[in-house]
Amino acid sequence: MAERMLQFVTHPQVLPEKRDAAERRQDFGEIYRGFARSRAEEQASRCSQCGIPFCSVHCPLGNNIPDWLKLTAEDRLEEAYEMSSATNTFPEICGRICPQDRLCEGNCVINKGFESVTIGAVERFITENAFEQGWVKPALPDRELGRSVGIVGSGPAGLACAERLRAQGYEVHVYERQDRVGGLMTYGIPSFKLEKHVMARRHALLEEQGIVFHLSTPVGSGAGETSLEDLRARHDAVFLATGVYRSRDVKVPGAGLEGVVDAIDFLTASNRRGYDEDPGEDAALHAKGRRVVVIGGGDTAMDCVRTSIRQGAERVTCVYRRDRANMPGSRQEVYNAEEEGAQFEWLGSPEAFLGDGSVSGVRVLKMRLGSPDASGRRSIEGTGQHDVIKGDLVIKALGFDPEDLPEQFAAPDLAVTRWGTLTVPPGGFETSLPGVFAGGDIVRGASLVVWAIKDGRDAADAIHHHLTETVTGSLEAAE
C-alpha cells in the first residue's frame, strides 16, 4: 500500500465549512458543518506521524491522535473509532468544543509553515460516522460486582466516572439537581457550539448501559433534598462532581441595578428556551432589541456575546481589561463573534454601572499593559481615562467559584482549600470524608470539559481500587 501519511506537503489545511455569518445569526444551529468522508481521510493523511506526538502530549486525555489519524487516512474507520473512544468517553463532544488551538492542534509539529492537522474536525467525523454505522454501543459489564456508587452531578466528570464504573460492573446512580443530564454541557454551552441532540444521544446510551439517573434531585441539607449522609449510607462510595456554579461578582457601584445579570442565569435561560421551556423572567434574561454589554474575556463571555446576537440584540459590546493577545478565551471564538457583528472594547475595566433603578450604561476605566508577572502574563494598570458604554443589559461573565459544599451538605468535616474547592491528596481523589471522592471543577476550579472527563475516568479507577482493597481487607480480616 502506498504511503498515505505525511501528505501535508501536497494537501493544504482545509477547515470544516462554516455557515455564513448572516445566516447563523438567525438561529442556534452549529456553525460548522462536519467533514465528508473523503475530506476527513484527506485531512487525516496530513499527519506527519512524528516520533514525539506533541498533540497527544498536550491532550489532557493523552489521546492516541496519530494512530487514529492514520487509521482514518487508511479508511479503517471502525478501528479509528475504537482507538479514539478507548481514551475519551465523549469524543463527539470534545471534537466540537475542545479549544484545539490551545491544545492538540496548537502543538502540532507541522503547525509552523504548513498549518496544523484539523484534529478536532476529524475526531468529530470519526465519532459521528460511528454513530451512523451503529458501531457505538454501551459498555456493558461482563459481570455484576454487587456494589454501588453514588455520583453527585451529571456534568462531564460525573458522567465519565459513571460510564467507567458501570463498565466494570458497579451499580451506578447519578443524582442531578437539574431536569436534564449534562451540567454546563446542557445548560451552559449554547447549541451553536454543541447541539442538544448530541448530549441527549449520549444520555440514552448511558441509560442503556444501566446507569440510573435521578433527575431533579438536589443533594444538600435543605427541605426535600437528599443528604450526603443518606448517599453514604446507601452506596459503597460517593463521587462528588458538582462543578462550580457561583458566579464571580463585579464589586463596583451599581452592581445591583436591574438589568445587570450573571452569565450562568442568562445562558441557562437561553438554553431552556432551546428545549421549548419557559425559563421565567423572560424579559430580564433576553437580549432582543437591547444594547448588551458583556464583561469578561473567556469562553463564557463569548457564549454570552454570540447568544445575545442570535436573540436579536441591537448592539453587543464585550469589555475586557486586557488586549486581544492576552484574552483567555479561544481566539477562534473571538473571530466568530466579530464575524457575527460583536464589538470589542479592549483594555477596559468596569468602574461603575450607571442608571437609576435600571442599568443604562457602564463607565469603563481605560487600562494599559504593564510588565509580565511571574507566569509571563502582562499586568495591567489604570490610565486615569474613562469611557461610557451605553447598555440596558449587562452580563457579568467573569468566571465561576465553587459553592460552599460543607455548608450545603451539612458536612463540616469536608475539607476545602482556601479557594473553596474540595481538598484531595496530590494525584488522588478521596476527600477528607472516607469513601467520598471528588473530581472535575469542584477540585481543580473552573476548567475545560476535557480535563473534567480525565478526572472522572481517573476517579473511577481510584474508586475501583478503593473498593477492591476494602473487599480484600474484609476477607483477610474474616480469615
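Sequence positions are assigned chain by chain, starting from 1 and proceeding in written order. Since the coordinates come from a predicted model, pLDDT governs what is reported: local features require at least 70, and pairs of side-chain atoms require 80 or more to be given and counted, while whole-chain, interface and lining totals use all residues. Neither water nor hydrogens contribute to the side-chain values; these are computed over all heavy atoms in the structure.

Under the annotation held in an unreviewed UniProt entry, the chain carries the name NAD(P)-dependent oxidoreductase and is attributed to Gluconobacter cerevisiae.

(A) Geometry of the layout of surface pockets. Lining residues are those with an atom within 4 Å of a point, where the points come from a 1 Å grid over the protein atoms alone and group into cavities, where a 1.4 Å probe fits but cannot get out, or pockets, open sets with protein on both sides within 12 Å along at least five of seven lines. Grid points are joined across faces, edges and corners, and a volume is the space filled by probe spheres set on the points. A volume near 360 Å³ is recorded for the second largest pocket. Of all elements in the fold, only α5 (77-87), α9 (156-168) and α11 (196-209) reach the threshold of two or more residues within the lining of the second largest pocket. Strands are runs of DSSP state E lasting at least 2 residues, helices are runs of H or I lasting at least 4, and numbering of each runs from the N terminus. It is α5 that contributes the most residues to the lining of the second largest pocket, five residues altogether. Residues were grouped as follows: Ala, Val, Leu, Ile, Met, Phe, Trp, Tyr, Cys and Pro as nonpolar; Asp, Glu, Lys and Arg as charged; and all remaining residues, including Gly, as polar. The residue makeup of the lining of the second largest pocket, split by class, is 10 nonpolar, five polar and seven charged.

(B) Focus on a nonpolar patch on the surface. A cluster of nonpolar side chains, contributed by I52, F54, V57 and V109, occupies part of the molecular surface with about 370 Å² of accessible area. In this structure, I52 sits in the loop between α2 (37-44) and α3 (54-57). Note that patches include only residues with greater than 30% relative accessible area and no salt bridge, and the join distances are 9 Å for like charges and 5 Å for nonpolar side chains (Val, Leu, Ile, Met, Phe, Trp, Tyr). What sets the accessible areas is the Shrake-Rupley method with a 1.4 Å probe; for residues, cover comes only from the shown protein chains. Any carboxyl oxygen of Asp or Glu that lies within 4 Å of a side-chain nitrogen of Lys or Arg is treated as forming a salt bridge with it.

(C) Focus on empty space enclosed by the protein. Per the counting criterion, the structure on display carries two cavities of 30 Å³ or more. There is about 130 Å³ of room inside the largest cavity. Considering the residues around the largest cavity, the lining is formed by 17 residues, among which C59, N63, C98, C104 and E123 are closest to the centre. A per-element tally of the lining of the largest cavity places helix α8 (residues 119-133) first, with three residues. Of the residues in the lining of the largest cavity, the class split is 11 nonpolar, five polar and one charged. Roughly 80 Å³ of volume is contained in the second largest cavity. Taken together, 13 residues form the lining of the second largest cavity, with C47, C50, C55, C108 and V109 sitting closest to its centre. Mapped onto the lining of the second largest cavity, the elements with two or more residues apiece are α3 and α4 (65-73). In the lining of the second largest cavity, the residues fall into 11 nonpolar, two polar and no charged.

(D) Layout of the packing of α9 against α11. For helices, the fitted line uses only the C-alpha atoms of the stretch in contact; every axis is such a line through C-alpha atoms, and the angle between N-to-C directions lies from 0 to 180 degrees. The N-to-C vectors of α9 and α11 enclose an angle of 30°; their axes lie 10 Å apart at closest approach. Comparing the axis directions of α9 and α11 gives the class roughly parallel. The chirality of how α9 crosses α11 is left-handed. Every residue of α11 that contacts α9 at L159, E163, R166 and A167 is listed here: M199, L206 and Q209. Grouping the constituent residues of the contact of α9 with α11 by class yields four nonpolar, one polar and two charged. Any angle that is under 35 degrees is reported as roughly parallel, and any over 145 degrees as roughly antiparallel; angles of 65 to 115 degrees are reported as roughly perpendicular and all others as oblique. The crossing is said to be left-handed when, going from far helix to near helix, the turn is anticlockwise and less than a right angle, and right-handed when the turn is clockwise. Residue contacts follow a heavy-atom distance rule, with two residues in contact if any of their heavy atoms lie within 4.5 Å.

(E) Examining unusual backbone geometry more closely. Non-glycine residue S216 carries a positive phi angle of around 50°. Relative to the elements of secondary structure, S216 occurs in the loop between β3 (212-214) and α12 (228-234).

(F) Molecular detail of the environment of M185. Within the secondary structure, M185 is located in helix α10 (residues 184-187). M185 sits in the buried class, given a relative accessible area of 2%. The sequence separation of M185 and T217 amounts to 32 residues, and the corresponding C-alpha distance is 18 Å. The contact partners of M185, leaving out residues within four places of it in the chain, are I93, G155, P156, L159, L194, M199 and V449. Using a 1.4 Å probe on the protein chains alone, a residue whose accessible area is under 20% of its type maximum counts as buried, one over 50% counts as exposed, and one in between counts as partly exposed.

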